[in-house]
Amino acid sequence: RRTANGLQIALPKHPSTEKAILHVVPFYKHLGSALSLDGSCVREAKLRSTSAMNAYVPICTRVFGSPRISQSLKLHFMQSLVLYRLLFHAHTLVLKPKVLSVYNGPYMRILRRIHGSPNFGKAEYSDLQVREDLMMPSIDCLLMRARLKYLKRVITKAPVSLVAILGSADGPKRMPWSVLVAGDLD
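Residues numbered from 1 in each chain as written. Predicted model: local features only at pLDDT ≥ 70, side-chain atom pairs only at ≥ 80, totals over all residues. Heavy atoms only, no water.

Chemist: Explain the environment of Y150 here, please?
Modeler: Along the chain, Y150 falls in helix 6 (residues 139-157). Linking Y150 and M53, residues 97 residues apart in sequence, is a C-alpha distance of 26 Å. Apart from the residues within four sequence positions on either side, Y150 is in contact with H91, T92, L162 and W177. (Helix = DSSP H or I, 4+ residues; strand = E, 2+ residues; numbered from the N terminus. Contact = heavy atoms within 4.5 Å.)

See below:
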C-alpha cells in the first residue's frame, strides 16, 4: 500500500466521489494529544512538555520564584496548572526511560524554581535533594500512583471490554500495561 505519496488505502467507490483514498500519516496531533504510526510516545511526551511549559513560563518568576508566596501554594499551582497538562492520562501509556526523562524535564525545572535553586550550569543540589527538601516524589512515582488509582477504577467499575483487553494474553505474553501494573503492585 506504499506509494510515492506515502502510505495510502483505496476506499470503496461511492456514487458521489470518483476515487477515495485514505492517506496514513506518520504522526497525527489532535486536541492536545498525539498518535504516532510507530507507536512511540516520544512526540506525545514532547507535546505535553511544551504545553506544560507554556503554562509555567509566563508565571515562573512572579508565582514560582516569589518569596511572598508560600511553598505549599506554589506546589498547588504546579499541580493544577502544570502537572495537569504534563501528565494528563500519561498513566495509561507504557513509557520507556527516554520518554520518562522528557516528562521529568519540566517537572524538575518547576521544582527547582520553587526550591530556589534553578539549574543554570552546575547545580548546587541534585534532583533527588530538591525533591527530598520539597517532599515531592519522582515523576515515575506520580505515574505509578495514577496507574494504581486507575486500576482501582477498572476493578470496581469493571467495564467488560476494557477488562477483556487488559486480561488478554498471547500465550505467556500479557498486555504491556498489565505487566507494568503488576510490577507496580509488587
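Chemist: Looking at this structure, I do not really get unusual backbone geometry. What am I missing?
Modeler: Working note: non-glycine residues mostly have negative phi, and peptide bonds are mostly trans. The phi dihedral of M135 is positive, around 55°, even though this residue is not glycine. Secondary-structure assignment places M135 in the loop between helix 5 (127-134) and helix 6. What makes M135 exposed here is its relative accessible area of 74%. Here A158, not a glycine, exhibits a phi torsion of approximately 50°, which is positive. In this fold, A158 is placed in the loop between helix 6 and helix 7 (160-167). (Buried < 20%, exposed > 50% of the residue type's maximum accessible area, 1.4 Å probe, protein only.)

Chemist: Whenever I open this one, the packing of helix 4 (residues 97-115) against helix 5 confuses me. Can you help?
Modeler: In a pair of packed helices, the angle between the axes and the distance between the axes together describe the arrangement. At their nearest, the axes of helix 4 and helix 5 sit 10 Å apart, and the two run at 60° to each other. Classed by the angle they form, the pair helix 4 and helix 5 counts as oblique. Here the hand of the crossing between helix 4 and helix 5 comes out left-handed. Residues N104, Y107, M108, L111, R112, I114 and H115 of helix 4 touch helix 5, and the partners they reach there are D127, V130, R131, D133 and L134. Class assignment of the residues belonging to the contact of helix 4 with helix 5 gives a composition of six nonpolar, two polar and four charged. (Axes fitted to C-alpha atoms, helices over the stretch in contact; angles between N-to-C directions. Parallel < 35°, antiparallel > 145°, perpendicular 65-115°, else oblique. Left-handed = near helix turned anticlockwise from the far one by under 90°. Nonpolar A, V, L, I, M, F, W, Y, C, P; charged D, E, K, R; others polar.)

Chemist: Would you take a moment to explain helix 1 (residues 42-56) for this structure?
Modeler: Here helix 1 is 15 residues long and its end C-alpha atoms lie 21 Å apart, about the 21 Å a rise of 1.5 Å per residue gives. Of all the residues in helix 1, the buried ones are V42, E44, A45, R48, S49, A52, M53, A55 and Y56. Down the axis of helix 1, the buried side of the element spans an arc of 165°, and every buried residue falls inside it. The inward-facing, buried residues of helix 1 contact strand 5 (33-36), helix 2 (60-64), helix 3 (71-87) and helix 4. (Expected span 1.5 Å × (residues − 1). Arc of directions from axis to C-beta.)

Chemist: I'm lost on the packing of aromatic side chains in this one. Help?
Modeler: How two aromatic rings sit relative to each other is given by the distance of their centres and the angle of their planes. Under the definition given, this model contains three aromatic pairs. Both rings, one in Y56 and one in F64, keep their centres 5.4 Å apart while their planes meet at 40°; by these two values the pair is tilted. We classify Y56 as buried; its relative accessible area is 2%. What makes F64 buried here is its relative accessible area of 0%. (Phe/Tyr/Trp six-rings, centres within 6.5 Å; stacked < 30°, edge-to-face > 60°.)

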